[in-house]
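# Fold and geometry: a report
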Amino acid sequence: AQSVTQLGSHVSVSEGALVLLRCNYSSSVPPYLFWYVQYPNQGLQLLLKYTSAATLVKGINGFEAEFKKSETSFHLTKPSAHMSDAAEYFCAVSEGNQFYFGTGTSLTVIP
Amino acid sequence: GAVVSQHPSRVICKSGTSVKIECRSLDFQATTMFWYRQFPKQSLMLMATSNEGSKATYEQGVEKDKFLINHASLTLSTLTVTSAHPEDSSFYICSASLHISNTEAFFGQGTRLTVV
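These remarks concern the structure in this document.

Reading guide: rules and limits
In this convention, every chain numbers its residues from 1, walking through the sequence in written order. Written order determines the labels here, with chains lettered from A and ligands numbered from 1. Local features in this predicted model are restricted to residues of pLDDT 70 or higher, and side-chain atom pairs are both shown and tallied only at a pLDDT of 80 or more, whereas totals for entire chains, interfaces and linings draw on every residue. The basis for every side-chain value is the complete set of heavy atoms in the structure, and neither hydrogens nor water enter the calculation. Put simply, DSSP H or I for four residues or longer makes a helix, DSSP E for two residues or longer makes a strand, and each gets a number counted from the N terminus. Based on C-alpha atoms, the radius of gyration is set beside the globule rule, defined as 2.2 Å times the residue count to the power 0.38. Residue exposure (1.4 Å probe, protein chains only): buried if accessible area is under 20% of the type maximum, exposed if over 50%, otherwise partly exposed. Contacts were defined at the residue level, with two residues in contact if any of their heavy atoms lie within 4.5 Å. We treat two strands as partners when DSSP finds at least two bridges between them. To obtain an axis, a line is fitted to C-alpha atoms, over the contacting stretch when the element is a helix, and the angle between two such axes runs from 0 to 180 degrees between their N-to-C directions. Whenever a nitrogen or oxygen atom comes within 3.5 Å of another N or O atom, the pair is scored as a polar contact, on the condition that within protein one atom can donate a hydrogen and the other can accept it, and that pairs from neighbouring residues in sequence are kept only if both atoms are in side chains. Aromatic rings from Phe, Tyr and Trp, with only the six-membered ring used for Trp, were paired whenever their centres fell within 6.5 Å, and each pair was classed as stacked if the ring planes differed by under 30 degrees, edge-to-face if by over 60, and tilted otherwise. Here the buried area means the combined drop in accessible surface, using a 1.4 Å probe, for two parts upon being joined, counting both sides. Salt bridges are identified by distance alone: a Lys or Arg side-chain nitrogen within 4 Å of an Asp or Glu carboxyl oxygen.

### Regarding the overall build of chain B
- What chain B contains, in helices and strands, is zero helices and eleven strands.
- For chain B, the sequential pattern of α-helices and β-strands runs β-β-β-β-β-β-β-β-β-β-β.
- Scaling as 2.2 N^0.38, a compact globule of 116 residues should have a C-alpha radius of gyration of about 13 Å, and chain B matches this with 13 Å.
- The burial tally for chain B puts 52% of its 116 residues in the buried class.
- Across chain B, every contact between residues at least 6 apart in sequence was considered, and the portion connecting residues at least 24 apart equals 53%.

This is the structure in structure tokens:
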């Protein structure tokens, strides 16, 4: 089975600073990888996904992630944090039509 | 992208009653839908996979008789929490995929269930 590890359950950054949320996966086959954002009491919104095309994936709201097979990583970054980025972020890997989620990282943006 | 609508967004019910949550794919047909449960500050836990026209597949530890799933059409799956208790209070989220070999899941807005 697939698994996903998100290092750091809480990350705080200053407004305008770099955002880096870490995700490592384990997979025996080339994975499909996703980052989702969740605002309080809402469902999940897709930020970006990797489906074996370009290793650097650009998503919405200025986020991007790089697939590194050698490191089995898919870290999420954003050059400059905005207050509206404060939310819960989930990394996920899919196998067939089943998703496996990381435990989530709560991002706080400090004014 | 495809839209999945979940209803209601919030529900409060008395202990012992049953609650039905609906998950609809609005602009596509979903042969498979998924039901997740999310505890506060935790990740999503897959409860069951709902297949149109057949019985749902439940994850280990999820009570089938407690969480009834019906997927009667290609656009609607329902989750009924039967004889609800306070420990069933949680955030429930459904998702649906466009294809069997899934490259993306579309999530509903979630339902906050509070059992009093």
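Still more ground to cover, so stick around.
### What to know about the sheet that holds strand β8 (residues 76–81) of chain B
All names here are of chain B.
- Across the sheet, which stays open at both edges, the four strands sit in the order β1-β3-β8-β7 with antiparallel pairing between neighbours. The open sheet has two free edges, formed respectively by β1 (4–7) and β7 (67–73), since each of these has just one partner strand. Taken over all neighbouring pairs, the strand axes of this sheet differ in orientation by 15° on average, direction set aside.
- Sheet topology places β7 next to β8; five bridges connect them, and they run antiparallel. Within β8, the residue paired with Asn 70 across the bridge is Thr 78.

### A short note on unusual backbone geometry
- For the peptide bond that leads from His 7 of chain B to Pro 8 of chain B, omega is 0°, which places it in the cis range.
- Along the chain, Pro 8 of chain B falls in the loop between β1 and β2 (10–13).
- Positive phi values are uncommon outside glycine, yet Thr 72 of chain A reaches one of about 45°.
- For Thr 72 of chain A, the location among the structural elements is in the loop between β8 (64–68) and β9 (73–78).
- Positive phi, normally seen in glycine, also occurs at Ser 83 of chain B, with a value near 45°.
- For Ser 83 of chain B, the location among the structural elements is in the loop between β8 and β9 (90–97).

### Examining the side chain of Ser 77 of chain B
Residues and elements named next belong to chain B.
- Here Ser 77 is to be found in strand β8.
- Accessibility expressed as a relative area gives 0% for Ser 77, which makes it buried.
- Only 3.0 Å separates the side chain of Ser 77 from the side chain of Trp 35, close enough to count as a polar contact.

### Some details on the packing of aromatic side chains
- For the coordinates displayed, the defined rule picks out 16 aromatic pairs over all chains.
- A centroid spacing of 5.8 Å and a plane angle of 70° characterise the contact between Phe 101 of chain A and Phe 107 of chain B, whose relative ring orientation is edge-to-face. With Phe 101 of chain A in strand β11 (residues 98–101) and Phe 107 of chain B in strand β10 (residues 105–107), this pair bridges two chains.
- With centroids separated by 6.0 Å and ring planes inclined at 40°, the aromatic side chains of Tyr 36 of chain B and Phe 107 of chain B adopt a geometry described as tilted. Taken together, the residues Tyr 36 of chain B in strand β4 (residues 32–38) and Phe 107 of chain B in strand β10 connect sequence positions 71 residues apart.
- One aromatic cluster is present, built from ring pairs that chain together Phe 34, Tyr 36, Phe 90, Phe 99 and Phe 101 of chain A together with Tyr 36 and Phe 107 of chain B.

### Things to note about the interface of chain B and chain A
- Contact with chain B, which involves 24 residues of that partner, is made by 20 residues of chain A.
- Interface of chain B and chain A: buried area, both sides summed, is about 1,700 Å²; carbon and sulfur atoms make up 51% of it.
- For the pair chain B and chain A, the number of links is zero salt bridges.
- There are three residue pairs in polar contact (both at pLDDT 80 or more) connecting chain B and chain A.
- Every element with two or more residues in the side of chain B that touches chain A is listed here: β4, β5 (44–51), β9 and β10 of chain B.

Geometric values such as these leave the question of function open.
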